[in-house]
Amino acid sequence: MFKLRLPQICTKFTAQQCRFCTIKEPKELIAKDPKEKDVVEVQEKYDPKKVTKEDMQWRTPWHQKEGQYYSLLRTFYTEDNKRSLLQSLQTPIDLSPSSIKNWWAKHKEQVEILSQSYLPERNQVLGNELAAAHFIVYRGGAVKFFNQDKWIKADENEEYDLPRFYEEGKILEAIDCADMNIVYEGLENLRNLKKVQWLSFNGCERIDDWCIDKISNMFSHSLVYLDLRNCPCITDRGIGALYKLRKLKILYLDDFLRSTTYEMTCLLLEEANPHLEIRSDPVVFET
Amino acid sequence: MFRRYALQLKPLTKTFHTSIKLHEEFENPILRTIRILRDDIMLRNRPGRDEHGRLVSRVFPHYVDIVIIGGGAIGSSIAYWLKKKTNFDALRIVVIEKDPTYRKCSTTLSVGGLRQQFSLPENIQMSLYGAEFLRTIKKHFGKEAEVNFTPHGYLVLASEAGAEQLIDNSKLQNELGAMNRILNKDQLKERFPWMNVSDVDVGCLGLEKEGWFDPWSLLGLLRRGASDLGTQYVHGEVVEFLFTEMNDVIMDGVEGCYEGTNNLVVKLPDGQRKNIQFAACILAAGSESGEVAQLARIGTGRGMLSVPLPVEKRKRYVYSFQCQGEPPGINTPMTIDHTGMYFRRDGLGGGFICGMSPEAHEEPSCDNLDVDYKFFDDRIWPILAKRVPAFEAVKASRGWSGYYDYNTYDENGIIGPHPYYQNMYIATGFSGHGIQQAPAVGRAISELILDGRFQTIDLTRLGFDRLIVDKPMYEIGIY
Ligand SMILES: Cc1cc2nc3c(=O)[nH]c(=O)nc-3n(C[C@H](O)[C@H](O)[C@H](O)COP(=O)(O)OP(=O)(O)OC[C@H]3O[C@@H](n4cnc5c(N)ncnc54)[C@H](O)[C@@H]3O)c2cc1C
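Residues numbered from 1 in each chain as written. Chains lettered and ligands numbered in written order. Predicted model: local features only at pLDDT ≥ 70, side-chain atom pairs only at ≥ 80, totals over all residues. Heavy atoms only, no water.

Draft legend 1. How the structure looks around the overall build of chain A. Summing up its helical and strand segments, chain A has nine helices and seven strands in all. Counting every position in chain A, which comprises 287 residues, the buried fraction comes to 39%. Once local pairs closer than 6 in sequence are excluded, the contacts in chain A between residues at least 24 apart make up 68%. Accessible surface, chain A: about 17,800 Å² in total, of which carbon and sulfur atoms supply 54%. (Helix = DSSP H or I, 4+ residues; strand = E, 2+ residues; numbered from the N terminus. Buried < 20%, exposed > 50% of the residue type's maximum accessible area, 1.4 Å probe, protein only. Contact = heavy atoms within 4.5 Å. Areas by Shrake-Rupley, 256 points an atom, 1.4 Å probe, with all protein chains shown as cover.)

Draft legend 2. Broad picture of the pairing of strand β7 (residues 277-280) of chain A. All names here are of chain A. Across four bridges, strand β6 (residues 250-253) lies against β7 in parallel orientation. In the sheet register, I250 faces β7, and the bridge partner there is E277. Handedness of the crossover is the feature at issue here: the chain leaves β6, passes through helix α9 (residues 260-272), returns alongside β7, and the resulting connection is right-handed. (Pairing = 2+ DSSP bridges. Right-handed = clockwise from strand over helix to strand, strands pointing away.)

Draft legend 3. Examining the domain arrangement of chain B more closely. All names here are of chain B. Examined at the domain level, chain B breaks down into domain 1 (4-104 + 218-310 + 410-468) and domain 2 (113-213 + 312-407). A C-alpha centroid distance of 34 Å is found between domain 1 and domain 2. Each partner contributes to the interface: domain 1 provides 37 residues, whereas domain 2 provides 30 residues. Between domain 1 and domain 2 the total buried area reaches about 2,900 Å² when both faces are included, carbon and sulfur atoms providing 60% of it. Broken down residue by residue, the surface that domain 1 buries against domain 2 is led by L221, S287 and Q436, which jointly contribute 22%. Summed over the shared surface of domain 1 and domain 2, the number is one salt bridge. When the shortest N-O distance is used, the salt bridge between E122 and R461 registers 2.8 Å. Mapped onto the side of domain 1 that touches domain 2, the elements with two or more residues apiece are α3 (73-84), α9 (215-228), β19 (414-417) and α12 (438-450). When residues in the side of domain 1 that touches domain 2 are grouped by element, the largest group, five residues, is from α9. Split by residue class, the side of domain 1 that touches domain 2 holds 16 nonpolar, eleven polar and ten charged. (Domains from an automatic or database assignment. Buried area = accessible area lost by both parts, 1.4 Å probe. Salt bridge = Lys/Arg side-chain N within 4 Å of Asp/Glu carboxyl O. Nonpolar A, V, L, I, M, F, W, Y, C, P; charged D, E, K, R; others polar.)

Draft legend 4. Spatial organisation of unusual backbone geometry. All names here are of chain B. Residue Y102 is not a glycine yet carries a positive backbone phi of 55 degrees. Inspection of the secondary structure puts Y102 in the loop between β4 (93-97) and α4 (106-109). Under the relative-accessibility criterion, Y102 is labelled buried at 4%. Despite not being glycine, K209 shows a phi value in the positive range, around 60 degrees. With respect to the secondary-structure elements, K209 resides in the loop between β8 (202-206) and β9 (211-212). Judged by its relative accessible area of 18%, K209 falls in the buried class.

Draft legend 5. Looking closely at the packing of helix α5 (residues 121-135) of chain B against α12 of chain B. All names here are of chain B. The contact between α5 and α12 brings their axes to 7 Å, and the two run at 105 degrees. Relative to α12, α5 is oriented roughly perpendicular. Between α5, through M126, Y129, G130 and F133, and α12, the contact on the second element is made entirely by P439, A440, V441 and R443. Along the lines of polarity and charge, the residues of the contact of α5 with α12 split into six nonpolar, one polar and one charged. (Axes fitted to C-alpha atoms, helices over the stretch in contact; angles between N-to-C directions. Parallel < 35°, antiparallel > 145°, perpendicular 65-115°, else oblique.)

Draft legend 6. Representation of the interface of chain A and chain B. Taken together, the contacts link 65 residues of chain A with 70 residues of chain B. Summed over both partners, the interface of chain A with chain B buries about 6,400 Å², with 57% contributed by carbon and sulfur atoms. On the surface where chain A and chain B come into contact, there are seven salt bridges. Measuring nitrogen to oxygen at the nearest pair gives 3.7 Å for the salt bridge that ties E109 of chain A to K139 of chain B. Our enumeration of links across chain A and chain B arrives at 21 residue pairs in polar contact (both at pLDDT 80 or more). (Polar contact = N/O pair within 3.5 Å; in protein donor to acceptor, adjacent residues only side chain to side chain.)

Draft legend 7. Looking closely at the site of the ligand. Residue and element names in this part refer to chain B. Inspection of the region around the ligand gives 37 residues, with E97, S106, T107, G113 and V238 positioned closest. In this structure, A73 approaches the ligand through a main-chain N or O atom, which is 3.1 Å from an oxygen atom. Within the backbone of V111, a nitrogen or oxygen atom sits 3.3 Å from a nitrogen atom of the ligand. Coverage of the ligand by the protein amounts to 97% of the 990 Å² it exposes when considered alone. Listing elements by their share of the shell around the ligand, those giving two or more residues are α3, β4, α4, β11 (237-246) and β18 (396-407). Residue contributions to the shell around the ligand peak at four residues, all from β18. When its residues are assigned to classes, the shell around the ligand shows 17 nonpolar, 15 polar and five charged. Both domains that furnish three or more residues to the shell around the ligand are identified here as domain 1 (4-104 + 218-310 + 410-468) and domain 2 (113-213 + 312-407). (Near = heavy atom within 4 Å.)

Draft legend 8. Here's a closer look at the nonpolar core. Of all hydrophobic cores here, the largest spans 180 residues; its most connected members are F201 of chain A together with F241 of chain B. In terms of residues, this core owes the most to one element, helix α5 (residues 120-138) of chain A, which gives eight residues. The contacts of F201 of chain A, once residues within four sequence positions are left out, are C177, I182, L187, I207, I215, L226, D227, L228, R229 and C231 of chain A. By size, the runner-up hydrophobic cluster in this structure holds 15 residues, among which are V156, A163, V318 and Y479 of chain B. (Core = buried A, V, L, I, M, F, W, Y, C linked by side-chain atoms within 4.5 Å.)

This is the structure in C-alpha cells:
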C-alpha cells in the first residue's frame, strides 16, 4: 500500500527530502518511539536548529511554477488581505455613551503604555541610571543619588534639575514612585540599575503580581527597603515571589493580616530570609 | 490556499453529483418551513443563556464556516482568536466538544506550568506570548478575569552530561527575551539550602514570567470569551467525515482523484447523528487527535494520507504529598531534576505536588485514569529523597492522572494546515506544554485562516509538512 510512485508533477524534491520518494518499509516511516530517537540523533548528528522554513516546502507553490500568469499580475495583487480593514468596516458603529467611554479609557491606556515604554535611545544618551531618573522624575516621582543628600523631584512648574547627558558617577540609591501611575511596561526603564537600595511603590494602583515578578528580579542584587503599601492589586502570590530579593531587610505592606494565606506567605518570607522585617501600618478599626 | 487548485472544465452534470449520504431523516420541505417559522415566532431560534450565563444558540448548526473539533484550551483559544479578529456575525464558528464537564481532558488535569526554558525558538516565543497573554488577561476577558498566576520561577537542574546543553539553551532563551540565569553548584547551594547538589552540575533559574497558574480558569475564560463573541459550542462527538470526489482539483503530490471533505457527522449525547457542513475544519482534539485524524483518512489513505498524525494518549501521574518537619520554604521554585522528575509547592502548609514521565518500556495503559501509587514509591520517591533530604519520609497522599497529547514523532506541537486537505488545520500534539502555548497557537491558527499566513510568530517549521520531509523538531525541554 505504501509503495507509490513519485507523482509526475513533483520533480523538485530529491530522495532525502521527501518520505514518499524513498521506498522504505512503513514501519520505519511511522513515528519512532523515543528510545529509537536517541539512536538516530547520535548517528546523524541531526540538529533541528539547522532545519529552515524552506526545508518544509516540498511542493512548488502553484503560482511559482513555469508558465503561470501569477507573476504577470503581481502588480495588482497584494499579499496582505487587509483583514483588519474589513473587520472595522463590518463592525457596526456604536455611539452609545458607555461604548464611547470604554473606547476613550482604552485609548488613554494605550497612550499611557506607549509613553512609558522603554526607549533604547534615551538609555544610550543618558546611561541606565540617569535615564531611569529622568523617567521617574518626569512622571512625578523622586530619586536620590549616592553621595547626594537631597531628593530630586519636579517642582510645581514640572521643572527639575537633572543632567541632560551621561555623567560618570551618578548612581541611583533610592527611587520613590509613590502615587505614580506606573505600568508594567514602564518598569522596563528601571532595569540594569547598579545599586538601588530603597524603592517605594506606595499608592501605585497598577502594580500587580506580574510587576512584582519583574521588580523582584531586577533589584534582586541590591534592594534593602521596599514599600508596597496601597497597592490593591498585589496578592499573596506576588508577595511570595519576593523571596528573590535576597538583601531585603524592610518590607512595608498594608496589612498582612488580611487573609491567612497572606499572613502565612509573610511568615514564610521572614523564615527564608532571617534579616527581613515585614512592617505594616497599624490597622484602624472603625468605631 | 487556492494555489493548489486549477479549475478544469467539466460536463455540467458532474457538478450536480454528490455522493454524500446524509445521516438525518428526510424532512418534508413544507413541514420544515412550518417548523422553522413556528420556532421563529416563538423566538426559539434566538440565542439564549445557559445555566452558567453563557450565550448559547438553540439551533443545531448544519452549515458553518469553521468547525473546531475539541473544546479544550487549544480549541477554545482558536475559537476566541478567530472571533476576536473578525466580528460577531462575520464567521460562523462551531466548537464540537464531547464532554462539556471536561473531566478527562488534559487541560483541566494538567499542572499548569508556565516556563520559557525550551530549546526550540518557536516554543520559547510561544511561551513568551503565553505569559504576555496571561498578564493582560483582564484586557481580554474583563476585570474579573483571574488565572492565579504564581510567579515563582522554574529551576531546571542538569548533571554533568547535560550542563553544556542547558547553558546553550539558556543563552538562546535570553536572546529571545526570556530571563533566566545559570547557577553553578555553590550558588545553587547558597540560594536553595534545602537541596542536595552533590550530583548536580548547574541549574538554570527562570527569573521572570515563569511559574504556574490555574488551567481551569484559563479554559473557562477562553471558552466564555469565545462564546460571548458568538462561537457556538455543540455537545457531541465527531464520529465520521464524509468525502466527495473532486475531479476538478489538481494538487501536487496527489495521485488520482482528490477526495476532499466538507461534511462531518456528529453523534449527539442522545444518540442522534447530525451532519455539519463546513468550509474549514480545525483538529484540536488533544490526546484523541490521532483517532479523529484517522476518521479523516489521515494515516489510512494513500500517498500523503499514509502519514498518520502521530499523536497518542500517554498517561501521566501527578502525586501530592505532605512534608512534615522542615519542608523547603517559600524559596522553592518549580524544580525539575535532571532525571525529569519535577515538584513544586502546592499551597503554603508544606504540601507539594510532583510527577515524572515514565520510561518508554514502562508506559502505563491508557484505558482508564487510575493512579498507580507504586510508580511513586519505586521511581519518584528515591529521586525526591535524594534531591531534598527533608523529603526522606514523605508518602503520596493523593494523586491524579491525565493524558498527555503525546506526539510520538518529536514531542512537539503540530500546528498548521494539512498538506492534503486544503481546508483542514491541525493544532495538537503538545506533549505536556500545551496550555501555556494555547494563546499563541490560537492566534497563529487564526492568522493562517484569516490573513493567509503567520503574522507574528512563524510556526512553519512546526507544521505537518515536517512529517513528510522527515525533519523532526526535537525539543529537549520535555518533562
Ligand atoms: C499531568 C499533566 C501535566 C501537564 N502539565 C502541563 C504544564 O505544566 N504546562 C503546560 O503548558 N501543559 C501541561 N500539560 C499539557 C496540556 O495539558 C495539554 O498540552 C493541553 O491541555 C492540550 O490542550 P488541548 O485543548 O489540545 O487538549 P484537551 O484539553 O485534551 O482538549 C481536547 C478536547 O477534545 C475533545 N474531543 C476529543 N475527541 C473528540 C471528538 N471526536 N469529538 C468531539 N470532541 C472531542 C475532548 O473531550 C477534549 O475536551 C500537562 C498535561 C498533563 C496530562
